[in-house]
Amino acid sequence: MAKPFSIAIHGGAGTILREKMTQALHDEFLLQLEASLCAGQAVLAQGGSAVDAVVSAVTVLEDSPLFNAGRGSVMTSQEMVEMDAAIMEGRAHNVGAIAGVRHIKNPIQLARQVMQDSEHVFLIGDGAEAFAFKQGYVFTEQDYFFTERRYEQLMRVRQAGQCALSESEYPDDDKHGTVGAVALDQQGNLAAATSTGGITNKQYGRVGDSPLIGAGTFAENGNVAVSCTGMGEFFIRKMVAGDVAARMRYLGEDVATACDSIIHGELKRMGGEGGLVAMDANGQAHFSMNSSGMYRGAIDTLGNMVIKIYADE
Ligand code: ASP
């Protein structure tokens, strides 16, 4: 009999306001989330690794212009796209992370490549891209990442002279759009992956929480896998993904208690809006958010799929 396996994803905490969400856009979000889940689930069902499952799931979201990662990434103050991504596997604690890449179609695939084929765990900017091209990656022009929607967001945010999360109408309107996935495979291995364009109008060279292990991404077999989304500056300062793992490991908290403790507790008190998806060693997923919503979905160990957008769903 197949051993239990499961996958859960997020497409960013903070969502388009209900009054601005059209039925067509709503359906498109659900479709992309479902496609992402199915891509990851197919890998797991065939006995594939949690690492490959989270990469497959995240790749689907990176290819969609709807999410703030890969194709739909937000723009820096220089009107460029700069992306960050990380992957961690829970068995041997192998890690691959990249930051500030501008010409890589699927940053999460490059993060896996750094993990598997380099001597390092974290490469940035030109160095990360040089490694990629040596591995046969295609140079992707910035034009591929350019979307009218992100350009308009940049113009609005720039006018206010601030930075903002991906769905923001206004800089103080906290919205987020990073993508991530966590999975348990049939061998009992956990993995977590996160990919992002960061925040609109960010200073070039700015790095968020997503590629930082223990801040936006973490995985540890027998314990938990975590992928976060939100204003990275807060998630870094509170080491959110690592905090969830430490609570479970040292305090013996279950996955829901550990996630809610930090997301609704210290992080929120500090002003850090956002959320995360986590999966425990039994394949039990938990979504936690202190924002009005988070694009999210899971297929549990029994094969049941759930997809939701708003916090009150
Ligand atoms: N966490 C990401 C960052 O700060 C942004 C997001 O979640 O949308 O780079």
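Here, residues in each chain are numbered from 1, in the same order as that chain's written sequence. Only residues with pLDDT of at least 70 get local features here, since the model is predicted, and only at 80 or more are side-chain atom pairs given and counted; chain-wide, interface and lining totals rely on the full set of residues. The basis for every side-chain value is the complete set of heavy atoms in the structure, and neither hydrogens nor water enter the calculation.

Per an unreviewed UniProt entry, the chain goes by Isoaspartyl peptidase/L-asparaginase family protein and derives from Vibrio zhugei.

A. Summary view of the site of the ligand. When we say a residue is near a molecule or strand, we mean one of its heavy atoms is within 4 Å of it. If you check the shell around the ligand, you find 14 residues, and the closest are Thr178, Arg206, Asp209, Thr229 and Gly230. Think of a polar contact as two N or O atoms within 3.5 Å of one another; within protein, one of them needs to be a possible hydrogen donor and the other a possible acceptor, and neighboring residues in sequence only count if both atoms come from side chains. In the environment of the ligand, an oxygen atom lies 2.8 Å from a nitrogen or oxygen atom belonging to the side chain of Arg206. Notes on the ligand: free accessible area 270 Å², of which the protein chains cover 100%. When residue character is reported, Ala, Val, Leu, Ile, Met, Phe, Trp, Tyr, Cys and Pro are called nonpolar, Asp, Glu, Lys and Arg charged, and the others, Gly included, polar. Broken down by class, the residue content of the shell around the ligand amounts to one nonpolar, 11 polar and two charged. Accessible surface area values rest on a Shrake-Rupley calculation with a 1.4 Å probe, where residue burial reflects the displayed protein chains alone.

B. Spatial organisation of the sheet that holds strand β2 (residues 83-89). Pairing is mixed across the open sheet formed by eight strands, whose spatial order is β4-β3-β2-β6-β5-β1-β11-β12. The open sheet terminates on both sides in strands that have one partner only, identified here as β4 (122-124) and β12 (305-310). Between one strand axis and the next, the sheet turns by 5 degrees as a mean value, whatever way the strands run. Only strands that DSSP links by at least two bridges are regarded as paired with each other. Only DSSP runs of H or I with at least four residues qualify as helices, and only runs of E with at least two residues qualify as strands; both kinds are numbered from the N terminus onward. Pairing analysis gives three bridges linking strand β3 (residues 95-101) to β4, with the strands arranged parallel. Pairing of Ala99 across the sheet is with Ile124, part of β4. Think of each axis as a best-fit line through the C-alpha atoms, taken over the contacting stretch in the case of a helix, with angles from 0 to 180 degrees between the N-to-C directions.

C. View of the pattern of salt bridges. The term salt bridge refers to a pairing of a side-chain nitrogen on Lys or Arg with a carboxyl oxygen on Asp or Glu at a separation within 4 Å. Enumeration over the complete set of coordinates arrives at nine salt bridges. In this structure, the salt-bridge partner of Glu253 is Arg247, at a minimum N-O distance of 3.4 Å. Shared partners join several salt bridges into a network, and the residues in it are Asp243, Arg247 and Glu253.

D. Seen up close, the sheet that holds strand β9 (residues 274-280). Taken in spatial order, the four strands of this open sheet run β7-β8-β9-β10, and their pairing is antiparallel. Both edges of this open sheet fall to β7 (217-220) and β10 (285-289), since each of them pairs with a single strand only. Taking the axes of each pair of neighbouring strands and ignoring which way they run, one obtains an average angle of 10 degrees across the sheet. Across the sheet, helix α7 (residues 240-251) lies against β7, β8 (224-230) and β9, angled at about 145 degrees from β8, the strand it touches most. We call two residues contacting when some pair of their heavy atoms lies within 4.5 Å.

E. Representation of helix α3 (residues 107-117) in the model. Summarising burial for α3: eight of the 11 residues are buried, a large majority. Within the sequence span of α3, burial applies to Pro107, Ile108, Leu110, Ala111, Arg112, Gln113, Val114 and Met115. Looking at the buried side of α3, the elements it contacts are α2 (50-62), β2, β3, β4, α4 (125-134) and β6 (190-196). We call a residue buried when its accessible area falls under 20% of the maximum for its residue type, exposed when it is over 50%, and partly exposed in between, using a 1.4 Å probe and counting protein chains only.

F. View of the environment of Leu25. The residue Leu25 is located in helix α1 (residues 23-45) in this model. In this structure the C-alpha to C-alpha distance between Leu25 and Leu66, which are 41 residues apart in sequence, comes to 9.1 Å.

G. Structural detail: the side chain of Ser291. By secondary structure assignment, the location of Ser291 is in the loop between β10 and β11 (293-299). Engagement of the side chain of Ser291 in a polar contact is seen with the backbone oxygen of Gly293, the distance being 3.0 Å.

H. Here's a closer look at unusual backbone geometry. A positive phi angle, near 65 degrees, is found at Glu79, a position not held by glycine. Looking at the element boundaries, Glu79 is found in the loop between α2 and β2. With relative accessibility at 35%, the residue Glu79 sits in the partly exposed group. You will see that His93, though not glycine, has its phi angle at about 60 degrees, which is positive. For His93, the position within the fold is in the loop between β2 and β3.

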